[in-house]
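Examination of the molecular architecture
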Amino acid sequence: MFTGIITGVGRITDVRALGQELGHGVQLRIQAPPGYLDDVGLGDSIAINGACMTVTTLDAAASGFTVDVSAESLARTAALDRSGAVNLEKALRAADRLGGHIVSGHVDGVGRVLRLEPVGESWHFEVAAPRALAKYLAYKGSITVNGVSLTVNQVRDSADDCRVDINLIPHTVEHTALGGLRAGDAVNLEIDLIARYVERMLSIDPSAARSTPSNPEAHA
């Protein structure tokens, strides 16, 4: 579990195929900021551009680690198959501050950057989200973009997608990899966890749920 508050900007320095077939994923070698891995161990979870990954090898002294990314994860995320800057967040601990919102590290869809431009002292960030995610996005609600917890300022639906407008303060641009995005870039999106459960609860017919045997095997 994560908060969407980025704790470091790293860089994918090497991408190595784990096999020759399409069903194989890749191993990423990531360079973290100095000292970032001092409290990290093998098997720990680190969100990389919003996707929860497991540390498979670790060289804390050199601030480097690797993760294995499955073919399924590659198919459902963006920019985890190439070198470049990435947002990093270590898994939430029970005593940590929940500064952003509850983030699972499971990418719900890939969006597209439409605009990132300065407006006054801030930045106007516009993203096109897949139409299937539109029902989870709301004014003043939360969305995670490449692992960063952000507040939705405006939502505009169309037949093809859902346009989300976000205001980025200078601190966010300077201390995450979002500042390096350009129009047309693909980004990893995660919807708010609460919205996911609300949608599920509203989709269930209570009468049908009551009629379902609590132990189906006992009635076989």
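Let us look at the structure shown here. (Residues numbered from 1 in each chain as written. Predicted model: local features only at pLDDT ≥ 70, side-chain atom pairs only at ≥ 80, totals over all residues. Heavy atoms only, no water.)

1. Describing the nonpolar core
Formed by 26 residues in total, the largest nonpolar core has its most connected members in Phe125, Ile143, Val145, Leu150, Ile166, Leu168 and Leu189. When contributions to this core are tallied by element, the ones reaching two or more residues are strand E7 (109–119), strand E8 (122–130), strand E9 (142–145), strand E10 (148–157), strand E11 (161–168) and strand E12 (186–191). Ranked by residue count, the leading element in this core is E11, at four residues. Every residue in contact with valine 145, bar those within four places of it in the chain, is listed here: Phe125, Leu150, Ile166, Leu178, Val187, Asn188 and Leu189. If you look at the next biggest cluster of nonpolar residues, it comprises 20 residues, including Val26, Ile46, Val55 and Val86. (Core = buried A, V, L, I, M, F, W, Y, C linked by side-chain atoms within 4.5 Å. Buried < 20%, exposed > 50% of the residue type's maximum accessible area, 1.4 Å probe, protein only. Helix = DSSP H or I, 4+ residues; strand = E, 2+ residues; numbered from the N terminus. Contact = heavy atoms within 4.5 Å.)

2. Some words on the pattern of salt bridges
Per the counting criterion, the structure on display carries twelve salt bridges. The partner of glutamate 72 in a salt bridge is arginine 76, with the nearest N and O atoms 2.4 Å apart. The exposure class assigned to glutamate 72 is partly exposed, which follows from its relative accessible area of 47%. Overall, the relative accessible area of 52% leaves arginine 76 in the exposed class. With a closest N to O distance of 3.5 Å, arginine 115 and glutamate 126 form a salt bridge. Here glutamate 126 lies in strand E8 and arginine 115 lies in strand E7, a separation of eleven residues in the sequence. Residue class for arginine 115 comes out partly exposed when judged on its relative accessible area of 31%. Glutamate 126 sits in the buried class, given a relative accessible area of 6%. Sharing partners across several salt bridges, the network here consists of Arg115, Glu117, Glu126, Arg156 and Asp165. (Salt bridge = Lys/Arg side-chain N within 4 Å of Asp/Glu carboxyl O.)

3. What to know about the side chain of asparagine 188
Mapped onto the elements, asparagine 188 comes out in strand E12. When residues no more than four places from it in sequence are discounted, the contact partners of asparagine 188 are Asn49, Thr77, Ala78, Val107, Gly109, Val110, Thr144, Val145 and Asn146.

4. Concerning the pairing of strand E2 (residues 26–31)
Note: strand E1 (residues 8–17) against E2, six bridges, orientation antiparallel. Its bridge partner being in E2, arginine 16 is matched across the sheet by glutamine 27. Across six bridges, the pairing between E2 and strand E5 (residues 64–69) is antiparallel. Residue arginine 29 lies in a different strand from E5, and its bridge partner there is threonine 66. (Pairing = 2+ DSSP bridges.)

5. Considerations on the sheet that holds E2
The antiparallel closed barrel is built from six strands, whose spatial order is E1-E2-E5-E4-E3-E6. Sheet twist, expressed as the average angle between the axes of neighbouring strands with direction ignored, equals 45°. As paired elements, strand E3 (residues 45–48) and strand E4 (residues 51–59) share four bridges and run antiparallel to each other. Of the residues in E4, the one forming a bridge with isoleucine 48 is alanine 51. (Axes fitted to C-alpha atoms, helices over the stretch in contact; angles between N-to-C directions.)

6. Focus on the environment of alanine 177
For alanine 177, the location among the structural elements is in the loop between helix H2 (170–175) and E12. Taking relative accessible area as the criterion, alanine 177 reaches 17% and is therefore assigned buried. Apart from the residues lying within four places of it in its own chain, the contact partners of alanine 177 are Val9, Ala85, Val86 and Asn87.

7. Some remarks on the side chain of glutamine 27
With respect to the helices and strands, the residue glutamine 27 is situated in strand E2. In terms of polar contacts, glutamine 27 uses its side chain to reach the side chain of aspartate 68, at 3.4 Å. Look past the residues within four positions of glutamine 27 in its chain and what remains in contact with it is Asp14, Val15, Arg16, Leu18, Thr56, Thr66, Val67 and Asp68. (Polar contact = N/O pair within 3.5 Å; in protein donor to acceptor, adjacent residues only side chain to side chain.)

8. Quick look at the pairing of E7
Strand residues, when the strand is regular, have side chains that alternate between the two faces of the sheet. Here E7 runs beside E12; their pairing, made up of four bridges, is antiparallel. Counted as the bridge partner of valine 110 is asparagine 188 from E12.

9. Digging into unusual backbone geometry
Its identity is not glycine, yet alanine 79 carries a phi of approximately 65°, on the positive side. Tracing the backbone shows alanine 79 in the loop between helix H1 (71–75) and strand E6 (84–90). With relative accessibility at 26%, the residue alanine 79 sits in the partly exposed group. The phi torsion at asparagine 146 lies on the positive side, around 50°, for a residue other than glycine. Examined against the element boundaries, asparagine 146 turns out to sit in the loop between E9 and E10. Under the relative-accessibility criterion, asparagine 146 is labelled buried at 5%.

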